[in-house]
Amino acid sequence: MFLNCHTYHSLRYGTIPVTDLVQEGKKNGATALALTDINTVTGIYDFTKACLAEGIKPLVGMEYREEQKLLYTAIAKNRKGLGELCSFRTKHNLEQTPLPAQAPACKNVFFIYPLQNCPAALTENEYIGIQAAELTQLYKPKWKKLISKMVVWFPVTIRNKKEYNLHKILRAIDLNVLLSKLGENDHCKEDEKMIPVHALIEKYKYYPAIAGNTNALIAQCNFEFAFGTYKNKKYYTKSRESDKLLLTTLAIEGFKKRYNVRNSKAYERVIRELKVIDEMKFSGYFLITWDIIKYSQSRGFLHIGRGSGANSIVSYCLGITDICPIELDLYFERFLNPSRTSPPDFDIDWSWQDRDEILQYIFRRFDTKHVAFCGTIAMFKFRSIVREIGKVFGLPKEEMDVLIKNPLKEKNTGIAKLIQDYGAMLEQFPNMRSMHACGIIISEKPITNYTALELPPKGFPIVQWDMHIAEDIGFEKFDILSQRGIGHINDSVKIIEKNHGIKINIRDVRLSKNNPACNKMLALGKTLGCFYIESPAMRGLLRKLHCEDYITLVAASSVIRPGVAKSGMMTEYVWRHNNPGKFDYYHPVFEEQLGETYGVMVYQEDVIKIAHHFAGLDLADADILRRAMSGKTRSKAEFERLKERFFSSCKAKGIADELSQEVYRQIESFAGYSFCKAHSASYAVESYQSLYLKAHYPREFMVAVINNFGGFYRTEVYVHEARMAGATISNVCVNKSEQLTTIFGKDIVLGFVHLKSFNESLAVRIVEERAIRGVYLSLSDFTDRIEIGIESLQILIFIGAFRFTGRTKNELVLEARMLLADHKPRHVNLLISEPVKQYKLPVLARSPFEDAFDEMELLGFPVSCTPFDLLKTPYRGDVIQRELVTYRNKMIRMVGYLVSIKHVPTKHGMMNFGTWFDVQGNHFDTAHFADSLKYFPFAGSGCY
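Before going into details, it helps to say that this report is about the structure given with it. Just so it is clear, the structure is predicted and the values come from calculations on it, not from any experiment.

Moving on, we come to the overall build of the protein. For the protein, the count of helices and strands is 37 helices and 21 strands. For the protein, the C-alpha atoms occupy an extent of roughly 100 × 100 × 65 Å along the three principal directions. Each of the 944 residues in the protein was classed as buried or not, and the buried ones make up 54%. A sequence separation of at least 24 residues applies to 68% of the contacts in the protein between residues at least 6 apart. As presented, the protein carries roughly 43900 Å² of accessible surface, and 53% of it is formed by carbon and sulfur atoms. Put simply, the protein has 123 plus and 106 minus side-chain charges, and the middle of one group is 1 Å from the middle of the other.

Enumeration according to the criterion identifies 43 salt bridges in this entry. Salt-bridge contacts for Glu279 lead to Lys275; the nearest nitrogen and oxygen are separated by 2.5 Å. In this pair, Glu279 and Lys275 both sit in helix H9 (residues 264-279), four residues apart, roughly one turn of the helix. Using a relative accessible area of 43% as the deciding quantity, one classes Glu279 as partly exposed. Given a relative accessible area of 53%, Lys275 falls into the exposed group. Ionic pairing is found between Arg539 and Asp925, a salt bridge with its closest N-O pair at 2.8 Å. With Arg539 in helix H20 (residues 536-545) and Asp925 in strand S20 (residues 923-928), the pair connects residues that are 386 residues apart, well separated along the chain. Arg539 sits in the buried class, given a relative accessible area of 0%. Classification of Asp925 by relative accessible area gives partly exposed; the value is 25%.

It is worth spelling out helix H19 (residues 516-524) at this point. Looking only at H19, the buried set comprises Cys518, Asn519, Met521, Leu522 and Ala523. Where H19 is buried, its residues contact helix H18 (510-513), H20, helix H21 (550-559) and helix H29 (677-696). Two or three places before Ala517, at the start of H19, stands the capping residue Asn515, its side-chain oxygen 3.1 Å from that residue's backbone nitrogen. Taken from the residues just after H19, Gly525 is the one with a positive phi, measuring 70 degrees.

We now examine the sheet that holds strand S6 (residues 126-130). As summarised here, the arrangement of the seven strands in space is S1-S2-S3-S4-S5-S6-S7, forming an open sheet in which the pairing is mixed. Both outer strands of the open sheet, strand S1 (2-5) and strand S7 (150-152), are each paired with one neighbouring strand and no more. Strand after strand, the sheet turns through a mean of 35 degrees between neighbouring axes, direction not considered. In the sheet, S1 pairs with strand S2 (residues 32-35) via two bridges, with the strands oriented parallel.

We now examine the pairing of strand S4 (residues 69-76). Counting buried positions along S4 gives seven out of eight residues, so the element sits mostly inside the fold. Note that strand S3 (residues 57-66) and S4 share six bridges and pair antiparallel. Bridge assignment links Glu63 to a residue of S4, and that residue is Thr73. The hairpin formed by S3 and S4 contains two residues between the paired strands, and Glu67 there has a positive phi angle of roughly 55 degrees. Two elements, S4 and strand S5 (residues 109-114), share four bridges in a ladder whose sense is antiparallel. When the bridges of S5 are listed, Ala76 appears paired with Val109.

Moving on to the packing of H19 against H29. The interhelical angle for the contact between H19 and H29, taken along N-to-C directions, is 100 degrees, at an axis separation of 9 Å. Classified by the angle their axes make, H19 and H29 are roughly perpendicular. Together, Ala517, Cys518, Asn519, Met521 and Leu522 of H19 and Tyr688, Leu691, Tyr692, Lys694, Ala695 and His696 of H29 make up the contact between the two elements. Here the residues of the contact of H19 with H29 sort into eight nonpolar, two polar and one charged.

Here we come to the sheet that holds strand S15 (residues 728-730). One open sheet holds the three strands; their spatial order is S15-S17-S16, and the pairing between them is mixed. For this open sheet the edge positions go to S15 and strand S16 (742-744), each flanked by a neighbour on one side alone. Across this sheet, the average inter-strand angle for adjacent strands is 25 degrees, counted without regard to direction. Bridge count between S16 and strand S17 (residues 747-749): three bridges; the pairing is antiparallel. Its bridge partner being in S17, Thr742 is matched across the sheet by Val749.

About the criteria used
Along each chain, numbering runs from 1 in the same order as the chain's sequence is written. At least 70 in pLDDT is required for a residue's local features to be given in this predicted model, at least 80 for side-chain atom pairs to be given and counted, and no such filter applies to totals for whole chains, interfaces and linings, which use all residues. Only hydrogens and water are set aside when side-chain values are computed; all heavy atoms of the structure are taken into account. Numbering goes from the N terminus for both helices and strands, where a helix is a DSSP run of H or I of at least four residues and a strand is a run of E of at least two. For the exposure calls, accessible area comes from a 1.4 Å probe over protein chains only, and a residue counts as buried if that area is under 20% of its type's maximum, exposed if over 50%, partly exposed in between. The criterion used for residue contact is that any of the two residues' heavy atoms lie within 4.5 Å. Each accessible area is a Shrake-Rupley result for a 1.4 Å probe, and residues are judged covered by the shown protein chains and nothing else. Neither His nor the chain termini are counted; the positive set is Lys and Arg, and the negative set is Asp and Glu. The location of each charge is read from NZ of Lys, CZ of Arg, CG of Asp or CD of Glu. Put simply, a salt bridge is a Lys or Arg side-chain nitrogen that is within 4 Å of an Asp or Glu carboxyl oxygen. The term polar contact refers here to a pair of N or O atoms within 3.5 Å; inside protein, the definition further demands a hydrogen-donor-capable atom paired with an acceptor-capable atom, and it admits residues adjacent in sequence only when both atoms are side-chain atoms. Strands pair, by our definition, only if DSSP identifies at least two bridges between them. Fitting a line to C-alpha atoms yields each axis, with helices limited to the stretch in contact; the angle taken between N-to-C directions then spans 0 to 180 degrees. Any angle between 65 and 115 degrees counts as roughly perpendicular, while under 35 counts as roughly parallel, over 145 as roughly antiparallel, and the rest as oblique. Asp, Glu, Lys and Arg are counted as charged, while Ala, Val, Leu, Ile, Met, Phe, Trp, Tyr, Cys and Pro are counted as nonpolar; the rest, among them Gly, fall into the polar class.

Shown next, in the form of structure tokens:
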């Protein structure tokens, strides 16, 4: 009887979680329920599973609203009906057109209209929903003759009075109005809470035909869904057999390129993997990924294949990844095995500059009807909850700030208590749907068979559910990511070729992995600008490990992750690495399985190894445990079951409780934050590629880092690194600068892009005009050729962009004002011509300090001098960076220029890590603990 139920997926409207709605139905004796959330099908799959578990018949559909107005509600007769109602919603979402007042003709969908929007004529599949309060209108002839087309209409939105209040708060948040300004039609009615079925039937006892129509409609709806089956595009070619043949051919060709043909170990693994891939029907998945990579390579793009997909030698042979699984002893079963309950996916990175073209290719190549981005559900979080609820209650910003900083201080006051009470209800409520950062779905059937699509500002359609639901219903996504580090590498290679005429094949990982210069810099932590290994913590770890080879860097890439550090295993790993033979293993299994990492769990695979070999869980359960701790399962019951099995199995094997508790603690503390070994290896390769370019072409590399605006540090640090590498840094110049920073030999010229508040289109015009008609000869020549306002012109003058004229900035500013005044249109008297006025300007001297402060204002950092040159005192410290190692455990005084602060929460409070330069330009790092920061806090940028 309940044909119109809402959950909290009716965003900022419904208040009931999906499973709770089903429990409400069971409690009230419902044998069937229809989930019809507003303009979405997000919850229908969880709803279907929950209903079937409770013996309730699930009906799925959607409530169509336009500008808050209810037009009609759709209920699917079957899976085809779901496709029809999703296609209809999708069409208007993607075209951004309003919904029509009357529903479209659909063979497999029932449409139900509210009395207020009933069309003049109803089709066979259209009904009118009659609420109990509207029964009194049926005496009218207009409605009396339509009783045969009426069904029971009892909307469900809330569960109780408090949820009704919460619903009104949500509506005020959505409409961005004060709670007191909500209109009667802006929210649901207070009685929209489920009641016992017999009580609902009692309301319609004088209209048994309406109840009969409702039951007949329910009987015709049979939504069945196969959750475990594969929904992705099945075949790359035309069939499984031809996919297998093509994949085998490509893998063998790749094997011959990657390995010596006599390498029987590699060949046997290729054949073994191909067999598993075919048996699990994943040949098409591999081939689609290969197709995307082939296009990328044809465009000259650099990509990084990472994640568990790098465990596969087939993906290595196809060029999807650049990690040899045999070299690192990576086991394929971590990626794909017959016992794995969830589908795998490839993670592939491109430069942020190239990713959009890759996405456009995917949508074009595999048909827009079959491709969409995975969605993600953004939840209400503490800070946003306080601000949103505070706003609808009319709370001033200052008071909201106090509540956020001191959530318990105002606990018992009126408005604050309401915000806390309703805020607690809102925690983990869906707030909005958005686009997954990287997940692409490519389906066999049109994707609207499963979901409506939405169009976010980015321009690519997205499904209405997240990766967890995608996995549940049988989709595995393709992760198409972007990062700035690849841009650093890509652009470096191009700049090196332009500046030196040398073409580097940076894709050949053998070039960088065993390079002596790279290994030396790695061990010293001289890695600023290099992907993943430039942060203070990582540089410190590299120095502690004396890291000077690829294998150690692979381990370091995972050891640095927060979970490993939190569990104490990072400290233990560093000590054992530097003291081989001086430690004991927890258990013989740790020596046998984790000998490479000294018996310390470092990678995600280590969780599987220990859970299987130490605790005795089978491989499938061990992998599920690893995924559960990584936040990749939503089943708390499953997690608790595996935890119980872990301890009971340990006990059965005679392992002491104290040891099993400690091992489980280690697993629990780090599993969600560690990398799989293949992922760490992929990152290590990219780090080495960056490091090779920095070691051999440091100036060109730093220009690439500067131009990609990505890294741990701000632009000033990378400009400084370039100067330390022997570059001469030149300020922006109208005759030399491009939009981005450029290099000519050893001379680096900053680009227009670094100028604050300078218009990009104006910079483009300056460069284009110079390319067409040559360099600018003077300020007047420039203003004759470029239309520019006085503010923009003064920015160029004060940054020194006209220094080629030999004039001071003050003189140029005066000239600029006169030139732009002369450019103003005026009436010309043809009979009387005035003589040209000659101006004699006074001598206007300028201090170098003024230039430095101009640069700090316009760029954010000085270029013509160092920050130390601006100090009043000549004191530069008693110790410099390169002398620090001789002062271990001694009190020293230094002067340092602060370039970065990292805030890290600890159980004792917030601590900071600082990065500094000394007077010679060498960097060093400091740790500032919470108790110290109370007395000696940071006071902004500058010298300390």
